[in-house]
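For reference, the chains in residue letters:
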Amino acid sequence: MLTKEKSSDVIEKLNVNEEIKGLLRNIDKVAGSSNERVKRSVKCLFIESPSCNELLDIAHAYERIIFDNGVYLARGSKTFLSLAFPNSDDPSEFKSFYASPLIASATQNVYTGVFLISFEQYENGASLVRSWRFKELMDYVEQNKSHISFIFHVNNHMSEIDVFRDALKRHVNMVCTSFTHPDPDVASTYVMHQLSKAGFVLEEGVDEKIHELIESKIDFKSKDYDGYRSLEMLTNNLQYELTVSSKRSSENIISASDVKKIQSRIETISYESDSKPLIGFRMGGIG
């Protein structure tokens, strides 16, 4: 019988900075309190970040914290929902948005769980706050915050984020955090760490050659750069080509010249814009 991972183990495995892990550990501590009033004081999340796998990983870790500690009793099979908040004047889109929690709850009368709402379609926080859409959403939040923990997400490029964040704080208690995709230095460290975990021994001077390779294969300023997802693809390519080209049968000792030899065989990491994972109805939302 498989043993389910503890929420603390899920937190430690996240590809995020230590600040975010610490924030989740604090939430886990409060959620694990034997005092029910303290347990139910667990805060919602506000995350400023790219729309990416790490965002969903954080959200799922938060969900594990909520339900492993019994902050709410699960009433249905679905306890996690992620949707993009529509930027539209079409009433049917908002009808679908607000109906989704009820669909997730299946035979239950009310959805109980974690609801990640992404505002990735919005460029300006102040204009959103002034809109009827925001007022309608806050009415929904007020009516459901006793049995739903919310995660609010905005992209890093949203202007007047502070106005939007402060408006949300008038309705829910939140802890706020942010992150961006790894820069070339962080990316190089990550890729080399993954190679070491796979059993490759990196000789002196390899770090500079891998750094050069990464910068030649990934455009860090492109919208196609998808953070750790891109780095995982590059690492897998490296592991494959280094293994194929190795003349050694027992030791995977990698030199700078080894990396240089395979550089032309490593594919440039890119995605078609329509194929990138996005939060919203396009990916089903209910998980």
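Conventions used here
- Residues numbered from 1 in each chain as written.
- Predicted model: local features only at pLDDT ≥ 70, side-chain atom pairs only at ≥ 80, totals over all residues.
- Heavy atoms only, no water.
- Helix = DSSP H or I, 4+ residues; strand = E, 2+ residues; numbered from the N terminus.
- Buried < 20%, exposed > 50% of the residue type's maximum accessible area, 1.4 Å probe, protein only.
- Contact = heavy atoms within 4.5 Å.
- Areas by Shrake-Rupley, 256 points an atom, 1.4 Å probe, with all protein chains shown as cover.
- pLDDT = per-residue confidence, 0-100.
- Core = buried A, V, L, I, M, F, W, Y, C linked by side-chain atoms within 4.5 Å.
- Salt bridge = Lys/Arg side-chain N within 4 Å of Asp/Glu carboxyl O.

Asks: Which residues make up the overall build of the protein chain, and what values do they have?
Replies: Helices and strands together make up the secondary structure of the protein chain, namely twelve helices and seven strands. Counting across all 287 residues of the protein chain, residues that qualify as buried make up 47%. Counting only contacts in the protein chain whose residues sit at least 6 apart along the sequence, the fraction spanning at least 24 positions is 78%. Of the roughly 15,100 Å² that the protein chain leaves accessible, carbon and sulfur atoms contribute 48%.

Asks: Help me get a handle on the confidence of the model for the protein chain, residues and values and all.
Replies: Per-residue pLDDT for the protein chain has a mean of 87; in total, 90% of the residues score no lower than 70. Long-range and interchain partners of residues 272-287, a stretch whose pLDDT sits below 50, account for 48 contacts in this model, where long-range means more than four residues apart.

Asks: Any details on the nonpolar core? Residues and values, ideally.
Replies: The nonpolar side chains of a soluble globular protein tend to be buried, and buried together. F85, F119 and F152 are the most contacted members of the largest nonpolar core, which has 31 residues in total. The element contributing the most residues to this core is helix α7 (residues 132-144), with five residues. Contacts of F119, omitting those with residues within four sequence positions, involve F85, L128, L137, F152, H153, V154, M158 and F164.

Asks: Give a description of the pattern of salt bridges that names residues and reports values.
Replies: Applying the stated criterion across every chain, the model contains nine salt bridges. Notably, a salt bridge pairs K145 with E142, separated by 3.0 Å at the nearest N-O pair. For the salt bridge of R265 with E241, the shortest nitrogen-to-oxygen distance reads 2.9 Å. Taken together, the residues span a long stretch of sequence, with R265 in the segment after α12 (256-262) and E241 in helix α11 (residues 228-245) at a distance of 24 residues. Classification of R265 as partly exposed rests on a relative accessible area of 40%. Residues joined in a network through salt bridges with shared partners are E12, E18 and R25.

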